[in-house]
Amino acid sequence: MRAVVARTAGGPEVLEHSERPDPEPGPGELLVRVAAAGVNFIDTYRRAGVYPMEFPHVVGTEGAGTVEATGDGVTGFAVGDQVAWHDAPGSYAELAVVRAVGAVRVPAGLDLVTAAALPLQGMTAHYLVASTFEVGFGHDVLLHAGAGGVGLLATQLATHRGGRVVTTVSTPEKAALSRDAGALHTIDYAAMDDLTTELPAVVRDLTDGAGVHVVYDGVGAATFDASLASLRARGMLVLFGGASGQVPPFDPQRLNAGGSLFLTRPTLAHYTATRGELEWRAGEVLGLAASGDLDVRVGTTYALTDAAEAHRALEGRATTGKVLLVP
Ligand code: NDP
């Protein structure tokens, strides 16, 4: 099979398109012909050696495709089933081995390429607004990187739940996409000289001086201080990523000074830890996409041979919505 391998820890240039032996499913595993693989920040963290990985490794964790074979002991899936997944290392390939316990069925009416865009960012958007802080009617929400993969999906889901969503974006094109997804206001944070003071001032203007109930922050180092300062008393900062870098050590007294604030640093694995929870989240997200109630924007689709280009674009802030690789 053809696959994308990270030879050693480093930049996008370490990615190599090469021939590999076809993998075989072990007990409890599915062998899947990949229709499309999702490109995510976790792939870049692993490629760069920020998250510990063995090298060389086949890159990627997310995708959708058709089951070609099942390993011993697999129940509930058969050859020919269409499945999607968010946590199968080695997904940038023509064939991937996926643990059956981590695979979900793709509903009728949803094509495999769109399905590949949803497991990781879609379920993340879902747990952020439905579980970490349960957005409800009248909640004021600030969401960074509103035109990103998680951003466009979380904006729609939070809006459906009655939230009033304000987003940050870096270009007019991204602002238009974010508004189409339901954002009431977009803020060009890239144009600000001093994000930490200017952004909270704009957010307070938009919320009658009060600040927001929740900030969803996947940008991290660059936005963290502004996020804290944008909250109302007893508001929650949900720090779910670090696209601009990781947040340095933090003094909990700042939560007191800010108004008895809450801070959490969640991750998808803890919100899909049981089969029941995984099926619930995936079922809702894939179901909404299949019924047309969730708009899934695939910003760019690359060939497997162009994986390095895809990583450069994602890390270089040049993407909108989902980035996919098609074998
Ligand atoms: P996005 O599509 O949102 O891409 C990242 C966006 O962040 C960029 O497009 C850019 O938007 C913004 N950004 C701001 N500063 C930078 C910078 N210095 N470098 C790069 N991007 C920057 O990515 P995803 O939707 O895939 O992921 C968003 C975040 O969520 C990431 O931090 C990711 O690691 C995290 N994540 C966390 C999960 C969890 O469970 N905790 C699961 C999935 C993702 P703009 O140009 O508008 O500023």
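All values reported here derive from a predicted model rather than from experimental measurement. (Residues numbered from 1 in each chain as written. Predicted model: local features only at pLDDT ≥ 70, side-chain atom pairs only at ≥ 80, totals over all residues. Heavy atoms only, no water.)

1. Considerations on the sheet that holds strand 9 (residues 140-143)
The line we're drawing: Should DSSP find at least two bridges between two strands, the strands are regarded as paired. Only DSSP runs of H or I covering at least 4 residues are called helices, and only runs of E covering at least 2 are called strands; the numbering of each starts at the N terminus. Working convention: axes come from line fits to C-alpha atoms, limited for helices to the stretch in contact. Angles between N-to-C directions cover 0 to 180 degrees. Residue contacts follow a heavy-atom distance rule, with two residues in contact if any of their heavy atoms lie within 4.5 Å.
With parallel pairing, 6 strands are arranged side by side in an open sheet as 11-10-9-12-13-14. What marks the edges here is a single partner per strand, and that holds for strand 11 (185-188) and strand 14 (262-264). For this sheet, the mean inter-axis angle between neighbouring strands, taken without regard to orientation, is 15°. Where strand 10 (residues 164-169) and strand 11 come together, 4 bridges link them in parallel fashion. The partner of Thr-168 across the bridge, within strand 11, is Ile-187. Packing of helix 3 (residues 119-132) onto the sheet brings it into contact with strand 12 (212-217), strand 13 (231-239) and strand 14, and relative to strand 13 it is tilted by some 150°. Most of the contacts of helix 4 (residues 149-160) go to strand 10, to which it runs at about 165°, and overall it touches strand 9 and strand 10.

2. Considerations on helix 10 (residues 307-315)
Heads up, the condition is: The buried label goes to any residue with under 20% of its type's maximum accessible area, the exposed label to any with over 50%, and the partly exposed label to all in between, with areas taken from a 1.4 Å probe on protein chains only.
Within the sequence span of helix 10, burial applies to Ala-307, Ala-308, Ala-310, His-311, Ala-313 and Leu-314. The inward-facing, buried residues of helix 10 abut strand 1 (2-6), strand 2 (15-19), strand 3 (29-39), helix 1 (41-48), strand 15 (298-303) and strand 16 (322-326). One or two residues past the end of helix 10 sits Arg-317, with phi positive at roughly 70°.

3. Structural notes on the site of the ligand
Rule in force here: In these notes, residues near a molecule or strand are those with any non-hydrogen atom within 4 Å of it. We call two N or O atoms a polar contact when they sit within 3.5 Å, provided that within protein one can donate a hydrogen and the other can accept it, with sequence-adjacent residues counted only if both atoms are side-chain atoms. The method behind every accessible area is Shrake-Rupley, applied with a 1.4 Å probe, and residues are considered shielded solely by the protein chains displayed. For this scheme, ten residues count as nonpolar: Ala, Val, Leu, Ile, Met, Phe, Trp, Tyr, Cys and Pro. Four count as charged, namely Asp, Glu, Lys and Arg, and the remainder, Gly too, count as polar. Segmentation into domains, and thus their bounds, comes from an automatic or database assignment.
Near the ligand there are 28 residues, and of these Tyr-127, Ser-170, Lys-174, Tyr-189 and Gly-218 occur at the shortest range. Between a nitrogen atom of the ligand and a main-chain N or O atom of Pro-266, the distance comes to 3.1 Å. Measuring from an oxygen atom of the ligand, one finds a side-chain N or O atom of Arg-317 at 3.0 Å. Contact with the protein chains covers 90% of the free accessible surface of the ligand, which is 900 Å². Counted by class, the shell around the ligand contains 13 nonpolar, 11 polar and 4 charged residues. Per-domain counts for the shell around the ligand show at least three residues from each of domain 1 (2-117 + 296-326) and domain 2 (121-268).

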